[in-house]
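Structural overview
The residues making up each chain are set out below.
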Amino acid sequence: MNRRASPRNGNLRRALAQEAARIMAQHGIHDFLTAKRKAAERLGVGDSSALPRNTEIEQALAEYQRLFDAGTHQHSLHEQRRAALHAMRRLSEFEPRLVGPVLTGTATEHADIQLHLFADRPEYVVLQLIDHGITHEFTERRVRLDAERTKAYPGLRFAVNDRYVEATVFPRDGIRQAPASPVDGKPMRRADAAELETLLDD
């Protein structure tokens, strides 16, 4: 017979989610697993089955930002989205899409802006950045395609309007299918420049 989760376990998961959210908000940690482990260590929890899901932490983070950081968070998010739009306009030929916390609204102050770009070759993006006089560094990002597959894609990190952008470069046909979200495993939400402009107007 299956046991239902006890109220105590539910309260513990909520406490862990809230602590993980606080750690992410205050310490600039963006990785859910790292935040979970730090929260468990801080609260003295050794049972991994008590750890909250990423969706629970994301909800707790949004609640934390509303309660404790509303004005600062909204200003920072607006500036991040403006910088994202600026970068997207400069890289428009690569059909840029905004993804991640800056899009969903839970980005902390020091979070990178995450873009997906689509090009026949990553070098074409590099040339565009050079043409705009934007210094950059090469990165590699492992992307979860679905529940069973991950794949490494080339990336570029650069600054726009004093905000850092982490751009992952996919093949042209990569625009057809969004990779899995690290939060809930569903296809990642992507927004083009027009959608981002609407968010900024709102």
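Above this text is the structure in question.
Predicted, not measured: the structure shown is a model, and the values here were computed from it.

1. Notes on the packing of aromatic side chains
Scanning the entire structure with this criterion turns up 3 aromatic pairs. Judged by centre distance (4.9 Å) and plane angle (50 degrees), the ring pair of Tyr64 and Phe68 falls under tilted. With Tyr64 and Phe68 both in helix H3 (residues 54-68), this residue pair falls 4 residues apart, about one helical turn. Assessed through its relative accessible area of 60%, Phe68 is described here as exposed. Here Tyr153 and Phe170 contribute two aromatic rings whose centre-to-centre distance is 4.6 Å and whose plane-to-plane angle is 45 degrees, an arrangement assigned as tilted. Placement of the pair is Tyr153 in strand E4 (residues 150-160) and Phe170 in strand E5 (residues 163-170), with a sequence separation of 17 residues.

2. Regarding the sheet that holds strand E1 (residues 97-99)
Taken in spatial order, the 5 strands make up an open sheet running E1-E2-E5-E4-E3, and their pairing is mixed. If you trace the sheet from one side to the other, it starts and ends with E1 and strand E3 (136-144), each paired once. On average, each strand axis in the sheet is inclined to that of its neighbour by 35 degrees, with strand direction left out of account.

Definitions and cut-offs
- Residues numbered from 1 in each chain as written.
- Predicted model: local features only at pLDDT ≥ 70, side-chain atom pairs only at ≥ 80, totals over all residues.
- Heavy atoms only, no water.
- Phe/Tyr/Trp six-rings, centres within 6.5 Å; stacked < 30°, edge-to-face > 60°.
- Helix = DSSP H or I, 4+ residues; strand = E, 2+ residues; numbered from the N terminus.
- Buried < 20%, exposed > 50% of the residue type's maximum accessible area, 1.4 Å probe, protein only.
- Pairing = 2+ DSSP bridges.
- Axes fitted to C-alpha atoms, helices over the stretch in contact; angles between N-to-C directions.

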